[in-house]
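A look at the structure
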Amino acid sequence: MTKYPTIHEAALSLKGATHDYKEEWGADRFFVGEKMFAMLGTNKEGRDILTVKVEPNQGEILRSENPAIIPGYYMNKSHWVSVLLDEENNAEFLAKLLAHGYEQVLRKLPKYRQKEIEG
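Residues numbered from 1 in each chain as written. Predicted model: local features only at pLDDT ≥ 70, side-chain atom pairs only at ≥ 80, totals over all residues. Heavy atoms only, no water.

1. A few points about the layout of surface pockets
One water molecule sets the probe size; rolling that probe over the atoms shows where empty space is left. Roughly 180 Å³ of internal volume is contained in the largest pocket. As for the largest pocket, its lining consists of Trp-25, Ala-27, Met-39, Leu-40, Gly-41, Thr-42, Ile-49, Thr-51, Tyr-73, Tyr-74 and Met-75. Residue assignment for the lining of the largest pocket shows that the elements contributing at least two residues are strand 3 (35–42) and strand 4 (48–53). In terms of residues, the lining of the largest pocket owes the most to one element, strand 3, which gives 4 residues. Of the residues belonging to the lining of the largest pocket, the class tally is 8 nonpolar, 3 polar and no charged. (1 Å grid on protein atoms, 1.4 Å probe; cavity = no way out; pocket = protein on both sides within 12 Å on 5 of 7 lines; lining within 4 Å. Points joined across faces, edges and corners; volume = space filled by probe spheres on them. Helix = DSSP H or I, 4+ residues; strand = E, 2+ residues; numbered from the N terminus. Nonpolar A, V, L, I, M, F, W, Y, C, P; charged D, E, K, R; others polar.)

As structure tokens, then:
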């Protein structure tokens, strides 16, 4: 079972969201329409992190407001942020961040895929 069940529940509660575990990264990955919107893993120091896709301006704002939010670990720094989970573990905040990441990816999918996912 996962160390962060509330993160899994929040991510998978989003319509059409799927999950896999990438063994070589030691990471849980969350997708919508085969595109990743979040990843739960560790950084090089072994700290637990949640990496989420964000709108670039939103990423800057989040990083300036919350010291637990850093540029996306091993990702495009303007489109992803990582949350240090030992410093920020507010379930409501993390669920909102996951929903934001999900929306970022969903909006970029072809219209027909969006319709399929949204039912």
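Next comes the rest of the account.
2. Things to note about the nonpolar core
Residues Ile-7, Phe-37, Leu-50, Leu-85 and Leu-98 are the most contacted members of the largest nonpolar core, which totals 27 residues. Per element, the largest residue contribution to this core is 6 residues, and it comes from helix 3 (residues 91–108). Residues Ala-27, Phe-31, Met-36 and Met-75 belong to the second largest nonpolar core, which totals 6 residues. (Core = buried A, V, L, I, M, F, W, Y, C linked by side-chain atoms within 4.5 Å. Buried < 20%, exposed > 50% of the residue type's maximum accessible area, 1.4 Å probe, protein only.)

3. Side note on the confidence of the model for the protein
Of all residues in the protein, 99% have pLDDT values of 70 or greater, and the mean over the chain is 95. Looking across the protein, the model is least confident in helix 2 (residues 56–65), with a mean pLDDT of 94, and most confident in strand 4, with 98. (pLDDT = per-residue confidence, 0-100.)

4. What to know about the pairing of strand 3
With respect to burial, strand 3 is a largely interior element, 6 of its 8 residues being buried. Alignment of strand 2 (residues 27–32) against strand 3, held across 5 bridges, turns out to be antiparallel. Within strand 3, the position partnered with Phe-31 by the bridge is Met-36. Hairpin connection from strand 2 to strand 3: 2 residues lie between these consecutive antiparallel strands, with Gly-33 at a positive phi of about 55 degrees. Sheet topology note: the strand 3/strand 4 ladder contains 5 bridges and is antiparallel. Each residue of the ladder has a partner; that of Thr-42, found in strand 4, is Asp-48. (Pairing = 2+ DSSP bridges.)

5. Brief notes about the side chain of Asn-66
The residue Asn-66 is located in the loop between helix 2 and strand 5 (69–71) in this model. Under the relative-accessibility criterion, Asn-66 is labelled buried at 14%. At a separation of 2.8 Å, a polar atom in the side chain of Asn-66 contacts the main-chain amide nitrogen of Ala-68. Of the polar contacts made by the side chain of Asn-66, one reaches the side chain of Glu-88; its length is 2.9 Å. Each residue touching Asn-66, except ones within four places of it in the same chain, is listed here: Glu-88 and Phe-93. (Polar contact = N/O pair within 3.5 Å; in protein donor to acceptor, adjacent residues only side chain to side chain. Contact = heavy atoms within 4.5 Å.)

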